[in-house]
Amino acid sequence: MAKAKAKSPEQNVIDFIKKNGIQFVDLKFMDFPGQWQHCTYPVSEFSIDSFENGFGFDGSSLRGWKNINESDMLIIPDASTMFVDPFVEAPTISMVCDVYEPATKEKYARCPRNIAQKANEYLKSTGIADTSFFGPEAEFFVFDDVRFEVNQNSSFYMVDSSEGRWNTGRDEGPNLAYKPRFKEGYFPVPPTDSLMDLRNAMVLKLQDMGIHVEAQHHEVASGGQCEIDLRFQPLLLAADNLLKFKYVVKNTAREWNKTVTYMPKPIQGDNGSGMHVHVSLWKSGKPLFAGNGYAGLSEMALYFIGGLLKHAPALLAFTNPTTNSYKRLVPGFEAPVNLAYSQRNRSASIRIPMYSSSPKSKRVEFRCPDPSANPYLAFSAILMAGLDGILNRIDPGDPLDKDIYDMPPEELKNIPSTPESLGAALKALENDHEFLLKGDVFTEEVIHAWINYKINKEIKPMALQPHPYEFHMYYDV
């Protein structure tokens, strides 16, 4: 008896729609800075041909994209990314899309997902490895109330959380205390950790989408800082999953009448939200970072670290891409700003986790990034920097196993550090981006578009805006 021919992923989507009474298809895609956008179609407008012909939209209205005179674009869904959207009342499936030029049917150069796909292809072309695994740890804050306003004559923000230590004296009718002390929110049990049920609800929705969750817990800061750890995945899937993760976390919080932010530094004087990124390379199903070198690393892994350290100032233009990012990366505080590597030592910007001796668990942890990053661009840039280190045999130097925060100034001055501002990171990217151009992964046009967007849409407006703290310091001059 002849074996039945396996159905294509596209046909599986069509069959799922019919079998489950799906009424709408929601197509999600990424703008240049890193936010999901979407457009929704009744199922009557969707067919198997949609996976080839796509749907048109106006790209001129999206941040960092087309000019008005060349605005027509196409989105084509990736059938492998389908999930049932748990936040929409009518039965709806969602899929992640690639963005194409309609005239040529080529992928759009500024589409972040396209850049990640090209990074994968470049990795394979080098012969070094066939898969790069990424495991991001994106921290976030859960707030109960957020207000902000910026006008010509006024500016303010206010965030609040029932967990905030600043609320120990507030009349809450009654105030039940149990509010984490500043910098002491790591791993307390309930009732101090009041968000366990909310995080569990988030995890259950993520699991329903097929996303592998390893753990969830409260984080260091007071005021509702949390973390949910996702299992490492190949680069493109890891980036797709991170966007699904943000979507689930934000919308689940909204269902609970709370709000989530991945802004790196929303609270002064307490820990900001980072996104430590774990990376490893594999070939033919075998891990390549395990060896007999320092911390059980292979020579390849050490060269990968060398590439990260050499290009870190430029990398941060993608991994820490907001002006707010650099309020977390301040010397002497919680974030690792010194460009060094170490086993176990969390004060180094690159750490080699030592939880397990298994070769499969051997990886490099880059601790500078934060969750404001566009994951397609950030992961691709990290991979390209590491590959440059391998191809050019870049020596990372000696490890730094001392506690950097306790080192005397005369020793510390010899350790390079991260840029002090987004402007400095963009300048580093302008001066050091040849490693990103290999394999046409990033292009000169993409690099300069990113730099210009960040300068004109974020740095300059911020520079022109008086800050409330300036009134505290300077009003009486």
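Whatever comes next refers back to the structure up there.
Since the model is a prediction, treat every value here as computed from it, not as a measurement.

Conventions adopted
- Residues numbered from 1 in each chain as written.
- Predicted model: local features only at pLDDT ≥ 70, side-chain atom pairs only at ≥ 80, totals over all residues.
- Heavy atoms only, no water.
- Helix = DSSP H or I, 4+ residues; strand = E, 2+ residues; numbered from the N terminus.
- Rg over C-alpha atoms; globule rule 2.2 N^0.38 Å.
- Buried < 20%, exposed > 50% of the residue type's maximum accessible area, 1.4 Å probe, protein only.
- Contact = heavy atoms within 4.5 Å.
- Areas by Shrake-Rupley, 256 points an atom, 1.4 Å probe, with all protein chains shown as cover.
- Core = buried A, V, L, I, M, F, W, Y, C linked by side-chain atoms within 4.5 Å.
- Salt bridge = Lys/Arg side-chain N within 4 Å of Asp/Glu carboxyl O.
- Phe/Tyr/Trp six-rings, centres within 6.5 Å; stacked < 30°, edge-to-face > 60°.
- Lys NZ or Arg CZ within 6 Å of the ring centre and 35° of its normal.
- Axes fitted to C-alpha atoms, helices over the stretch in contact; angles between N-to-C directions.
- Parallel < 35°, antiparallel > 145°, perpendicular 65-115°, else oblique.
- Left-handed = near helix turned anticlockwise from the far one by under 90°.
- Nonpolar A, V, L, I, M, F, W, Y, C, P; charged D, E, K, R; others polar.

Caption draft 1: The overall build of the chain, seen in detail. The helix and strand tally for the chain stands at 12 helices and 18 strands. Its C-alpha atoms give the chain a radius of gyration of 23 Å, near enough to 23 Å, the size a compact globule of 477 residues would have. With respect to the principal axes defined by its C-alpha atoms, the chain has extents near 75 × 60 × 50 Å. In the chain, which comprises 477 residues, the share counted as buried stands at 53%. Contacts spanning at least 24 positions in sequence make up 68% of the contacts within the chain whose residues lie at least 6 apart. Counting every atom, the chain has about 22500 Å² of accessible surface; 52% of that belongs to carbon and sulfur.

Caption draft 2: Local environment of the nonpolar core. Among the nonpolar cores identified, the biggest contains 123 residues, and F140, I228, F245, L281, F379 and F442 are the most heavily contacted of them. Of the residues forming this core, the biggest block, 13 residues, is contributed by helix α6 (residues 299-319). With sequence-adjacent residues up to four places away left out, F140 is seen in contact with M202, G224, Q225, C226, E227, I228, F245, V249, V260, T261, Y262 and S273. Core analysis: the second largest hydrophobic core is formed by 5 residues, F141, F143, A221 and I267 among them.

Caption draft 3: Quick look at the pattern of salt bridges. Evaluated as defined, the whole model comprises 24 salt bridges. When the shortest N-O distance is used, the salt bridge between R113 and D240 registers 2.8 Å. In this pair, R113 is assigned in helix α3 (residues 112-126) and D240 in helix α5 (residues 235-255), connecting sequence segments 127 residues apart. In this pair, the class of R113 matches that of D240, namely buried. For K205, the salt bridge goes to E255, with nearest N and O atoms at 3.4 Å. A residue pair is termed long-range when its members are at least 10 positions apart, and K205 in helix α4 (residues 196-208) and E255 in helix α5 qualify at 50 residues. Judged by its relative accessible area of 47%, E255 is partly exposed. Counted as one network, the salt bridges with shared partners bring together D78, D98, R113 and D240.

Caption draft 4: Representation of unusual backbone geometry within the structure. Following G173, the chain continues to P174 via a peptide bond in cis, the omega torsion being 0°. By the secondary structure assignment, P174 is in the loop between β9 (155-160) and α4. In this structure, the amide linkage connecting P190 to the following residue, P191, adopts the cis form with an omega of 10°. By the secondary structure assignment, P191 is in the loop between β9 and α4. We note that A295 has phi near 60°; this positive angle belongs to a residue other than glycine. Classification of A295 as buried rests on a relative accessible area of 10%.

Caption draft 5: Molecular detail of the packing of aromatic side chains. Across all of its chains, the model carries 21 aromatic pairs by this definition. On the numbers, 6.4 Å between centres and 25° between planes, the contact of W166 with F182 is stacked. Pair noted here: W166 is in the loop between β9 and α4 and F182 is in the loop between β9 and α4, with a separation of 16 residues, a long-range link. An aromatic cluster of at least three residues, connected via ring pairs, comprises F32, F318, F442 and W450. A cation over an aromatic ring shows up here: K28 above the ring of W36, its NZ or CZ 5.7 Å from the ring centre.

Caption draft 6: Region of the structure containing the packing of α6 against helix α7 (residues 375-391). One can describe the packing of α6 onto α7 by two numbers: an axis separation of 6 Å at closest approach and a directional angle of 140°. As far as their axial angle goes, α7 and α6 are oblique. By crossing handedness, the relation of α6 to α7 is classed as right-handed. Judged by residue contacts, M300, Y303, F304, G307, L308, H311, L315, F318 and T319 of α6 engage L377, A378, A381, I382, L383, A385, G386, L387, D388, G389 and I390 from α7. Tallied by class, residues from the contact of α6 with α7 come to 14 nonpolar, 5 polar and 1 charged.

Caption draft 7: Representation of the packing of α6 against helix α9 (residues 422-431) within the structure. Where α6 contacts α9, the axes come no closer than 7 Å and their chain directions differ by 120°. Regarding the angle of α6 to α9, the classification is oblique. The interaxial crossing formed by α6 with α9 has left-handed handedness. Mapping the contact onto sequence places P313, A314, L316, A317 and F318 in α6 and A425, L426, A428 and L429 in α9. The residue inventory of the contact of α6 with α9, partitioned by class, reads 9 nonpolar, no polar and no charged.

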